[in-house]
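# Structural characterization, general
One-letter residues, chain by chain:
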Amino acid sequence: MKRQKLFSVLALLVVASLLLVACGAGAAPATEAPAEEVPAGEEAPAGDFVGDILDAGSCDYGGKVLSIEAVDRLTVQFNLCKPDPAFLAKIAFTPFGIQPKEWIASTGGTGELLERPIGTGPYMVSEWVRGDQVVFTRFDGYWGEAGPAQTAVLRWATEGAARLQELQAGTANFVTNISPDDYATVESDPNLVLIPQDNPNVFYIGFTNTFAPWDDVRVRQAVAMGIDRQRIVDNFYPPGSEVPHSFTPCGIPNGCEGEAWYDFDPEAARALLAEAGFPDGFDTSIYYRDVFRAYLPEPPLVAVEIQAQLRENLGINAQVVPMESGEFIELATTGALDGIHLLGWGADYPHITNFLDFHFGAGNPQLGTAHPEIYEVLQQASSIGDLAEAAPLYAQANNAIKELVPMVPVAHGSVAHAASASLGGAYYPPFGSNEFYRLDPGADTLVYVQNAEPISLYCADETDGESLRPCQQVVETLLDYATDSGDTVPELATACTPNDDSTVWVCTLRDGVKFHDGSDFDANDVVASFAAGLDASNPYHVGNTGSFDYFAYLWDALINAE
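This is a predicted model, so every value here is computed, not measured. Along each chain, residue indices are assigned from 1 in the same order as the chain's sequence is written. Two thresholds apply to this predicted model, a pLDDT of at least 70 for residue-level local features and 80 or more for giving and counting side-chain atom pairs, whereas whole-chain, interface and lining totals are computed over all residues. Note that the side-chain values use all heavy atoms of the structure and ignore hydrogens as well as water.

### Things to note about the pairing of strand β12 (residues 317-323)
Pairing between strands requires that DSSP locate at least two bridges from one strand to the other. In this text, helices come from DSSP runs of H or I with a minimum length of four residues, and strands from runs of E with a minimum of two, each type numbered from the N-terminal end. With seven bridges connecting them, strand β11 (residues 283-289) and β12 associate as parallel partners. By the bridge assignment, R289 is partnered in β12 with M323. As for the winding sense of the linkage, the β-α-β connection from β11 through helix α10 (residues 299-314) to β12 is right-handed. A crossover gets the label right-handed when its path from the first strand over the helix to the second runs clockwise, viewed with the strands pointing away from the viewer.

### With respect to the sheet that holds β12
Across the sheet, five strands lie side by side as β12-β11-β13-β10-β14; this open sheet has mixed pairing. With partners counted over all chains shown, the strands left at the sheet margins are β12 and β14 (407-411), one partner each. Pairwise comparison of adjacent strand axes, ignoring direction, gives a mean angle of 30° for this sheet. Any pair of residues with heavy atoms lying within 4.5 Å of one another is described as a contacting pair. Interaxial angle, 0 to 180 degrees, is taken between N-to-C directions of lines fitted to C-alpha atoms, where a helix line uses only the stretch in contact. Across the sheet, helix α11 (residues 325-333) touches β11, β12 and β13 (340-346), and the angle it forms with β13 is around 95°.

### Examining the nonpolar core
Side chains of a nonpolar character, in soluble globular proteins, are inclined to be buried together. The term nonpolar core refers to a set of buried residues drawn from Ala, Val, Leu, Ile, Met, Phe, Trp, Tyr and Cys, joined through side-chain atoms within 4.5 Å. For every residue, the accessible area (1.4 Å probe, protein chains only) is compared with the maximum for its type, and the residue is labelled buried under 20%, exposed over 50%, or partly exposed between those bounds. Judged by nonpolar contacts, the single largest core of 154 residues is most densely connected at F78, I306, L310, L342, L478 and F530. With residues up to four places along the chain from it excluded, the contact list for F530 reads L54, I68, F78, I91, F96, I98, D535, F551 and W555. If you look at the next biggest cluster of nonpolar residues, it comprises 15 residues, including V153, A157, L167 and V447.

### Topic: the packing of aromatic side chains
Between the rings of Phe, Tyr and Trp (Trp by its six-membered ring), a pair exists once the centres lie within 6.5 Å; its type follows the angle of the planes, with under 30 degrees stacked, over 60 edge-to-face, and the other angles tilted. Applying the stated criterion across every chain yields a total of 31 aromatic pairs. On the basis of an interplanar angle of 55° and a centroid distance of 5.7 Å, the ring pair of F96 and W555 is categorised as tilted. With F96 in the loop between α2 (87-91) and α3 (101-107) and W555 in the segment after α17 (549-554), the pair connects residues that are 459 residues apart, well separated along the chain. Judged by relative accessible area, which is 1%, W555 ranks as buried. Here the aromatic rings of F247 and F355 are separated by 6.3 Å at their centres, their planes lie at 80°, and the arrangement is edge-to-face. Of the two residues, F247 is situated in the loop between α8 (229-236) and α9 (266-275) and F355 in helix α12 (residues 353-360); the sequence distance between them amounts to 108 residues.

### Here we look at the side chain of S485
Counting through the fold element by element, S485 comes out in the loop between β17 (479-481) and β18 (488-490). Distance and chemistry together define a polar contact, namely a pair of N or O atoms within 3.5 Å, with one atom able to donate a hydrogen and the other to accept it when in protein, and with adjacent residues in sequence counting only for side-chain atoms on both sides. Separated by 3.1 Å, the side chain of S485 and the backbone nitrogen of D487 make a polar contact. Dropping the residues within four chain positions of it, S485 is found in contact with P430 and F431.

### Some words on the pattern of salt bridges
What makes a salt bridge here is a side-chain nitrogen of Lys or Arg within 4 Å of a carboxyl oxygen of Asp or Glu, nothing more. All chains considered together, the criterion is met by 19 salt bridges. K64 is the salt-bridge partner of D84, the closest N and O atoms lying 3.8 Å from each other. Taken together, the positions of D84 in the loop between β4 (75-80) and α2 and K64 in the loop between β2 (49-55) and β3 (65-72) put the pair 20 residues apart, joining distant regions of the chain. The residues D84 and K64 share a single accessibility class, namely buried. Ionic pairing is found between D511 and R73, a salt bridge with its closest N-O pair at 3.2 Å. You can see D511 sitting in the loop between β20 (504-509) and α16 (523-534) and its partner R73 sitting in the loop between β3 and β4, a full 438 residues away along the chain. It is possible to trace a salt-bridge network through shared partners that takes in K64, K82, D84, K90 and D556.

### Quick word on unusual backbone geometry
With an omega dihedral of 0°, the bond running from A212 to P213 counts as a cis peptide bond. Note that P213 resides in the loop between β10 (201-207) and α7 (217-226). In this structure, N177 is a non-glycine residue whose phi angle is positive, near 50°. Within the secondary structure layout, N177 lies in the loop between β8 (174-175) and α6 (183-187).

### Describing the state of the cysteines
Note that a disulfide, as used here, is simply two cysteine sulfur atoms within 2.5 Å. With the rule as written, the count across this model stands at four disulfides. One disulfide bridge connects C459 with C471, the sulfur atoms lying 2.1 Å from each other. The chirality of the disulfide connecting C459 with C471 is right-handed, given an S-S dihedral of about 75°. Of this pair, C459 sits in the loop between β16 (445-450) and α15 (465-474) while C471 sits in helix α15, and the two are 12 residues apart along the sequence. As far as burial versus exposure is concerned, C459 and C471 are alike and both buried. Shown here is the disulfide that connects C496 with C507, its sulfur atoms set 2.1 Å apart. Of note, the bridge from C496 to C507 carries an S-S torsion of about 115° and is right-handed in sense. With a gap of 11 residues between them, C496 in strand β19 (residues 493-498) and C507 in strand β20 connect regions that are remote in the sequence. What makes C496 buried here is its relative accessible area of 10%. Accessibility expressed as a relative area gives 0% for C507, which makes it buried.

In structure tokens form, the structure reads like this:
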């Protein structure tokens, strides 16, 4: 509607200009149509399509994105401040999904947008019954292959035993994250199938260094040396899990460059703690959420184990504090927890930037004041596409992380899910989540049970895997990940091609795609979706928490952030 209005104004002005020329006023410069104010940024006329622009003005703000421009209805151009070797992998990531420009504006960037995303995906959100389930209905206008099931139901259960019982009872077709103790049960049941997932991940003990005594690096180093990580992996993780060499798993290129992490040495740890002024330890808290994750399969048991080790090895008295998932994520990621927090990370895409840049970037408050010894090196490394050339910088960054100990990497977990043997197409990708339309329950309804309830369904402003999964069914990205690798494949864009130095990426959009509200997908929807997340001054940059973490960390900084 806005485009039609603007075009009408433009047409009237062109006619007026021609009349002025005819009346002898031709010496005057051509009159430009007054641009209608659009939150995404400036507008540039191109035929009958008025393309929007998200324009940072310059690269002085420190981010990677200079501008995003709707060149024409089916072409979007990303102009970067520097090369980004992970560009394709990033734009395939769920938080960068595309919603209609008009829908984002009508919600003000929050409210109904958090409950009912409108995408182009194979399923639409029909109903979210808080505390119970999310119900999806197949979108018959979908541009791609239709899902076999008319209805998909997403439920959740915190306990691994409860999820398995649903599968055994036949009330669920697929359940996530089988407890390590239940692997044998699933494998011995002819009605069930165990589905391993090859997803790099890390579980870590985090400190926020703006709180004492975590502001003293000697205290953090003491904990790094005083925790027996091998004992935790041996006792609480399934076969195939590993004690980390570095924060990033070694399967990610350049992940394990540099020195290996500290050996378990409680005597040296106690000496460091005494040097820091705590010969008899101190009191603190261990915060966690009781949600089974691939990187942390037994949260309460591991929390108690760490509590015991801190007391036994370092004399530190820690209170174990379980928290509700949404509250924990919000407080942990904003750096508001004054003790230890137990958190982890599963790879979103197969590049080291996904692990290091997100956690140790300049603007991330989770671990307190960021360390320039780390983030300045990461910023330099993240613009180098050649793995061998970037390796020395990642060695330097990993060594700085070991020296400064913003967290302690504890485990790389092995993980498996389970499905009924009758579920057609059962799989689990190494990156991203199951896409429901690929699963055939042999009935009208697919029932999928995960670990926890989503926090919101506006995933531009979420980082939680339990939120990203339902978003992925509804809101599509420009590219997608292959079902068996981290390679990117076309989704809403048929291709994205770079210039010679990879600072300009031109994405050609798929024609004829409809949103769930019946509107047409075009380049302005891409600009508007990125603008709402990336531009802190955009009126629709509201979301659930307003932090838009993935935009801030993976693109180095938010535009117009104070």
